[in-house]
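Letter by letter, the chains look like this.
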Amino acid sequence: MATSASAALAVNLLDAHSLLATFGVIGIGVVMFAETGLLVGFFLPGDSLLFTAGLLCAGTADKGANLSLPAVLAAAVMGALAGAQCGYLIGRGAGPALLARGRSRKLHEGAARAEELLGKYGHAKAIVLARFVPVVRTVLNPLAGVLNIPARVFTVWQVAGGLLWTVGLVLAGYALGSSIPNVDTYLLPIVGLIVAISLLPVAIEFLRSRRGGKHQNGTAH
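Since the model is a prediction, treat every value here as computed from it, not as a measurement.

Draft legend 1. Region of interest: the overall build of the protein chain. Looking only at helices and strands, the protein chain features ten helices and zero strands. The linear arrangement of helices and strands in the protein chain, starting from the amino end, is α-α-α-α-α-α-α-α-α-α. For the protein chain, the proportion of its 221 residues judged to be buried stands at 46%. Considering only contacts within the protein chain whose residues lie at least 6 apart along the sequence, 79% involve residues at least 24 apart. Here the protein chain displays about 11,100 Å² of accessible surface, and carbon together with sulfur accounts for 67% of that area.

Draft legend 2. Highlighting the environment of Ala75. Tracing the backbone through its elements, the reader meets Ala75 in helix 4 (residues 69–94). Excluding anything up to four places from it in sequence, Ala75 contacts Val25, Ile28 and Gly29.

Draft legend 3. Highlighting the packing of helix 4 against helix 8 (residues 151–179). With their axes 9 Å apart at the nearest point, helix 4 and helix 8 run at an angle of 150° to one another. Regarding the angle of helix 4 to helix 8, the classification is roughly antiparallel. Crossing handedness for the pair helix 4 and helix 8: right-handed. Residue composition of the contact of helix 4 with helix 8, by class: 18 nonpolar, five polar and one charged.

Draft legend 4. Main features of the packing of aromatic side chains. Counting across every chain of the model gives one aromatic pair. A ring pair is formed by Tyr88 and Phe154, whose centres lie 4.5 Å apart and whose planes are at 15°; its orientation type is stacked. A residue pair is termed long-range when its members are at least 10 positions apart, and Tyr88 in helix 4 and Phe154 in helix 8 qualify at 66 residues. Judged by relative accessible area, which is 1%, Tyr88 ranks as buried.

Draft legend 5. Quick look at helix 6 (residues 105–130). Its 26 residues give helix 6 an end-to-end C-alpha distance of only 18 Å, which falls more than 12% under 38 Å, the value for a rise of 1.5 Å per residue. Gly122 marks the point of greatest bend in helix 6, at about 130°.

Draft legend 6. Highlighting the nonpolar core. Within the largest apolar cluster, 22 residues are counted, with the highest numbers of intra-cluster contacts made by Leu20, Ile28, Met32, Leu50, Leu67, Val72 and Trp165. For this core, the secondary structure elements donating two or more residues are helix 2 (16–37), helix 3 (46–58), helix 4 and helix 8. In terms of residues, this core owes the most to one element, helix 2, which gives six residues. Leaving out residues up to four positions away in the same chain, Leu67 has contacts with Leu20, Gly24, Val25, Ile28, Ala53, Leu56, Cys57 and Val72. Formed by 17 residues, the second largest nonpolar core is a distinct cluster that contains Ile127, Ala130, Leu140 and Ile149.

Draft legend 7. Examining a nonpolar patch on the surface more closely. A cluster of nonpolar residues, Leu38, Val40 and Ile90, forms a patch on the protein surface that exposes about 240 Å² of accessible area. Position of Val40 relative to the elements: it lies in the loop between helix 2 and helix 3.

Draft legend 8. Quick look at the confidence of the model for the protein chain. Averaged over all residues, the pLDDT of the protein chain equals 78, while 68% of them reach at least 70. Here helix 1 (residues 2–10) is the element of the protein chain with the lowest mean pLDDT, 44, and helix 4 is the one with the highest, 93. Every residue in residues 1–9 scores below 50 in pLDDT, and together they form three contacts with partners more than four places removed in sequence or on other chains.

Draft legend 9. Quick look at the packing of helix 6 against helix 8. As a packed pair, helix 6 and helix 8 sit with axes 8 Å apart at the nearest point and diverge in direction by 30°. On the basis of the axis angle, helix 6 is roughly parallel to helix 8. Two packed elements cross with a definite hand, and for helix 6 against helix 8 that hand is right-handed. Facing helix 6, whose interface residues are His123, Ala124, Ile127 and Val128, helix 8 presents Val153, Phe154, Trp157, Gln158, Gly161 and Leu164. Taken together, the residues of the contact of helix 6 with helix 8 break down into seven nonpolar, three polar and no charged.

Draft legend 10. The arrangement of the pattern of salt bridges in detail. Summed over the entire model, instances satisfying the criterion amount to three salt bridges. For the salt bridge of Arg137 with Glu35, the shortest nitrogen-to-oxygen distance reads 3.0 Å. With a gap of 102 residues between them, Arg137 in helix 7 (residues 136–146) and Glu35 in helix 2 connect regions that are remote in the sequence. With a relative accessible area of 3%, Arg137 lands in the buried category. Judged by relative accessible area, Glu35 falls into the buried class, the value being 1%. With its nearest N and O atoms 3.0 Å apart, the salt bridge here joins Asp47 to Arg137.

The rules behind these values
Residues numbered from 1 in each chain as written. Predicted model: local features only at pLDDT ≥ 70, side-chain atom pairs only at ≥ 80, totals over all residues. Heavy atoms only, no water. Helix = DSSP H or I, 4+ residues; strand = E, 2+ residues; numbered from the N terminus. Buried < 20%, exposed > 50% of the residue type's maximum accessible area, 1.4 Å probe, protein only. Contact = heavy atoms within 4.5 Å. Areas by Shrake-Rupley, 256 points an atom, 1.4 Å probe, with all protein chains shown as cover. Axes fitted to C-alpha atoms, helices over the stretch in contact; angles between N-to-C directions. Parallel < 35°, antiparallel > 145°, perpendicular 65-115°, else oblique. Left-handed = near helix turned anticlockwise from the far one by under 90°. Nonpolar A, V, L, I, M, F, W, Y, C, P; charged D, E, K, R; others polar. Phe/Tyr/Trp six-rings, centres within 6.5 Å; stacked < 30°, edge-to-face > 60°. Expected span 1.5 Å × (residues − 1). Bend = angle between axes of the 7 residues up to and from the residue. Core = buried A, V, L, I, M, F, W, Y, C linked by side-chain atoms within 4.5 Å. Patch = residues over 30% accessible without salt bridge, like charges linked within 9 Å, V, L, I, M, F, W, Y side chains within 5 Å. Salt bridge = Lys/Arg side-chain N within 4 Å of Asp/Glu carboxyl O. pLDDT = per-residue confidence, 0-100.

Below you can see the structure in the form of structure tokens.
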């Protein structure tokens, strides 16, 4: 008992491998829920956790226990979907004061980015895109509740975005782990690349909006 308690205390919450080694599949569900549903979870490593879990499911890594792919997918999907819905309900109940009480600069930057996404792309596209942006995916869910986005609209698109994000990153890790022996040797650069790729949808939309804005300005002149 003392050993397991000390191990839990020693876990590095910012390191995906440490979280998985300590808590396994249960940790995936808890982290997904906290990062997408609770403002205090904005710092958790969602992208790298999902990708690393997929690698461990492949069974080719030297370190850590192998994980079951169906169990990882189930935990990731349930945690992410339930967390987003919980965040929405919290935002709807607590109102604007919920975000105003947050003292973290990152949270306020995330809130500003989330509002920008909602304003530029509308509810559906913004809710899906937010899943792929750290911190923004934490803040947008309660913000959607604060802004009284219809529950049906939010639920449909958070489910779509949640499935794309969780299943996509887990399967990407699994595919890579299945094809490259001892892939954990290159884990850090690979995870960095995956996080960069996860930001591509937002970057593409941003570039499109800028081009559209320039085109409209040129037409106006």
